Amino acid sequence: MVGCAKTLLAIAVLVLAPLAAAAQTSDTPTAPPAQAQPALPQPAQSQPAPSEPSESLLKPEQLEALVAPIALYPDALLANVLAASTYPLEVVQADRWLGEHKSLKGDALKTEVGKQGWDDSVKALASTS
């Protein structure tokens, strides 16, 4: 079960990594905090034209090779992984908890997981067997 949780966490990271990369390469520049701005305005820095590819973005072929294996997982499992990936600390806690409670299976596992203080998505992921 611990190996399954690690695999699911890895899938969540693979799915969310391109989204994080896209968020980091946004065309809108972020302004520094008001306290850090100098009194005199600075000239605008030149930014690459939108048509120029950024070095940090993956090529379509690389992105497809990265996420293609995800299509092999059942939709219900992917839904649980994606929802639980917004609570990474709780996923780690659940993985550790599952490692300590390897003897629990089926309904007993679901009952004990339900008693934990994790988000429902993490509970659903941890209950997946």
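Before reading on, note that the structure itself is shown above.
Reading guide: rules and limits
Residues numbered from 1 in each chain as written. Predicted model: local features only at pLDDT ≥ 70, side-chain atom pairs only at ≥ 80, totals over all residues. Heavy atoms only, no water. Helix = DSSP H or I, 4+ residues; strand = E, 2+ residues; numbered from the N terminus. Contact = heavy atoms within 4.5 Å. Axes fitted to C-alpha atoms, helices over the stretch in contact; angles between N-to-C directions. Parallel < 35°, antiparallel > 145°, perpendicular 65-115°, else oblique. Left-handed = near helix turned anticlockwise from the far one by under 90°. Nonpolar A, V, L, I, M, F, W, Y, C, P; charged D, E, K, R; others polar. Phe/Tyr/Trp six-rings, centres within 6.5 Å; stacked < 30°, edge-to-face > 60°. Buried < 20%, exposed > 50% of the residue type's maximum accessible area, 1.4 Å probe, protein only. Lys, Arg positive; Asp, Glu negative; His and termini not counted. Salt bridge = Lys/Arg side-chain N within 4 Å of Asp/Glu carboxyl O. Core = buried A, V, L, I, M, F, W, Y, C linked by side-chain atoms within 4.5 Å.

Chemist: Lay out the overall build of the protein in plain terms, naming residues and giving numbers.
Modeler: Helix and strand counts for the protein come out as six helices and zero strands. The helix and strand sequence of the protein, counted from the amino end, reads α-α-α-α-α-α. For the protein, long-range pairs separated by at least 24 residues make up 70% of all intrachain contacts whose partners lie at least 6 apart in sequence.

Chemist: Talk me through the packing of helix α5 (residues 106-114) against helix α6 (residues 120-127); I want residue IDs and the actual numbers.
Modeler: Relative to each other, α5 and α6 sit at 155 degrees, their axes nearing to 9 Å. Here α5 lies roughly antiparallel to α6, going by the angle between them. Crossing angle aside, the handedness with which α5 passes α6 is right-handed. The residues of α6 that touch α5, namely those facing Leu-109, Lys-110, Val-113 and Gly-114, are Lys-123, Ala-126 and Ser-127. Residue composition of the contact of α5 with α6, grouped by class: three nonpolar, two polar and two charged.

Chemist: Summarise the packing of aromatic side chains; cite the residues concerned and give the values.
Modeler: Inspection of every chain in the model, using the stated rule, returns one aromatic pair. Residues Trp-97 and Trp-118 carry aromatic rings whose centres are separated by 5.7 Å and whose planes lie at 85 degrees to one another, so their mutual orientation is edge-to-face. Placement of the pair is Trp-97 in helix α4 (residues 88-100) and Trp-118 in the loop between α5 and α6, with a sequence separation of 21 residues. Taking the relative accessible area as the measure of exposure, Trp-118 reaches 9% and is therefore buried.

Chemist: Describe the side chain of Lys-123, naming the residues involved and giving the relevant values.
Modeler: Residue placement: Lys-123 occurs in helix α6. No salt bridge forms around the buried Lys-123; measuring N to O, its nearest opposite-charge neighbour Asp-120 is 4.3 Å away. Apart from the residues lying within four places of it in its own chain, the contact partners of Lys-123 are Val-113, Gly-114, Gln-116 and Trp-118.

Chemist: Can you break down the nonpolar core residue by residue, with the values?
Modeler: Among the nonpolar cores identified, the biggest contains 14 residues, and Trp-97, Leu-109, Val-113, Trp-118, Val-122 and Ala-126 are the most heavily contacted of them. Among the elements that take part in this core, α4 stands out by supplying four residues, more than any other. With near-sequence residues (within four places) excluded, Trp-97 lies in contact with Leu-104, Leu-109, Glu-112, Val-113, Gln-116 and Trp-118.

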